[in-house]
Amino acid sequence: MAGVLNGFAVIVALVALGWILARTLVLGTDAHLVLNRLVFYVATPALLFDSLARTTLDQVFTGVFVVSAVSAIIVAVLYVAIARLWLKRPAADLVVGALSAGYVNSANLGIPIALYVLGDLGFVMPLLLFQVVVLQPVAIAVLERAARAEGSDGGGDGGALGALLQSVRTPIVLAALAGVVVAALPWTPPETLLEPVHLVGQISVPGALLVFGMSLYGVKVLEAGASPRREIFLASALKLVAHPVLAYAIGAGLMGMQGHELLTVVVAAALPTAQNVLVVATRYGHGTLLARDSAVLTTLGSLPVLLLVSALLA
């Protein structure tokens, strides 16, 4: 338990430092954007490739992947059922809400927590692939259909296929896929090749936490008369409460998980809504405030939830 608390202490300290940097403008007005690009385009892809290239496929696709995938799907379906019956929302808004409830921030916050709290990146890679290869394509297909029914051009050139290809071509996904390929080969790259990648990858975790802290400064959520508050609270409650509870029930009750493995799946489920949801919502012009405010609320609420989960299961 002491190790878990120390890990969270490091995370909170770096997030707080990021907030202070944003408030004081020590790094300038564009620091958030520059650092975010460094983390997204360079450091995190390097970290994922380095970690995966040193492992094997049987260490990547485990029961953790199964629990994470099943729990995310169930939570998304729950949101759709409740919001459709209670709030009578259209299909496109339901999709954004479902993603807000089940699509977790496996990169920017998941990687630091995986390293500092859990001690490995075991759940990040399969979770990332599941979300990009399964959840996001399904959501884009529904949004594309809704856009065409409304008479708009959907996501722009290429439609759903273009949007899917663009999501797969992101540096993080490409690096992860390359790492999986190397992991599948009966060959490990020599240390002289991996060491520069390893050094660059070390920027990812502290950089992501600083960016996270910077992004919290000056954010306004739940604006009166603008934000769909009922949808936001529903998605946030499912994300922070129902999702980890489901992961625990599936992991412990159906998969027989215990100890660190069970802690891993519950922590993965308790991660906040990913920023990718806002990207998709903005692209199709549906649920942008829902996606934005859900991401902010679940991000703020995730650390106490993760602390509670760790206290109960560590």
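On a predicted model such as this, the values are computed, not experimentally measured, just so you know. (Residues numbered from 1 in each chain as written. Predicted model: local features only at pLDDT ≥ 70, side-chain atom pairs only at ≥ 80, totals over all residues. Heavy atoms only, no water.)

Peer 1: Explanation requested: the layout of surface pockets in the structure shown.
Peer 2: Unoccupied space between atoms shows up once a probe the size of one water molecule is rolled over them. Approximately 1,200 Å³ is the volume found for the largest pocket. Residue lining of the largest pocket: 44 residues in total, with Phe40, Asn108, Gln275, Asn276 and Val279 positioned closest to the centre. Among the secondary structure elements, those contributing two or more residues to the lining of the largest pocket are α2 (31-53), α6 (124-149), α7 (159-168), α8 (171-184), α10 (204-216), α13 (276-284) and α14 (288-313). Ranked by the residues each element gives to the lining of the largest pocket, the list is headed by α2, at 6 residues. Classifying every residue of the lining of the largest pocket by side-chain character gives 26 nonpolar, 14 polar and 4 charged. If you add up the space inside the second largest pocket, you get close to 300 Å³. Within the residue set of the lining of the second largest pocket, elements represented by two or more residues are α3 (63-86), α4 (91-102) and α6. Taken together, the residues that form the lining of the second largest pocket break down as 14 nonpolar, no polar and 1 charged. (1 Å grid on protein atoms, 1.4 Å probe; cavity = no way out; pocket = protein on both sides within 12 Å on 5 of 7 lines; lining within 4 Å. Points joined across faces, edges and corners; volume = space filled by probe spheres on them. Helix = DSSP H or I, 4+ residues; strand = E, 2+ residues; numbered from the N terminus. Nonpolar A, V, L, I, M, F, W, Y, C, P; charged D, E, K, R; others polar.)

Peer 1: Would you mind going over the side chain of threonine 264 with me for this structure?
Peer 2: Tracing the chain through its elements places threonine 264 in helix α12 (residues 259-269). Under the relative-accessibility criterion, threonine 264 is labelled buried at 6%. Polar contacts involving the side chain of threonine 264 include one to the main-chain carbonyl oxygen of histidine 260, which spans 2.9 Å. (Buried < 20%, exposed > 50% of the residue type's maximum accessible area, 1.4 Å probe, protein only. Polar contact = N/O pair within 3.5 Å; in protein donor to acceptor, adjacent residues only side chain to side chain.)

Peer 1: Quick question: what am I supposed to make of the pattern of salt bridges here?
Peer 2: In a structure, side chains of opposite charge can pair up when their charged atoms sit close to one another. For the structure shown, the criterion picks out 5 salt bridges. A salt bridge links aspartate 50 to arginine 54; its shortest N-O distance comes to 2.8 Å. What makes aspartate 50 buried here is its relative accessible area of 4%. Residue classification places arginine 54 among the partly exposed residues on the basis of a relative accessible area of 39%. The shortest N-O distance in the salt bridge between aspartate 293 and arginine 292 comes to 2.8 Å. (Salt bridge = Lys/Arg side-chain N within 4 Å of Asp/Glu carboxyl O.)

Peer 1: Just to check I follow, could you spell out the side chain of glutamate 231 for this structure?
Peer 2: The residue glutamate 231 is located in helix α11 (residues 229-254) in this model. Here arginine 89 takes part through its side chain, which lies 3.0 Å from a polar atom of the side chain of glutamate 231.

Coordinates in, geometry out; function isn't part of it.
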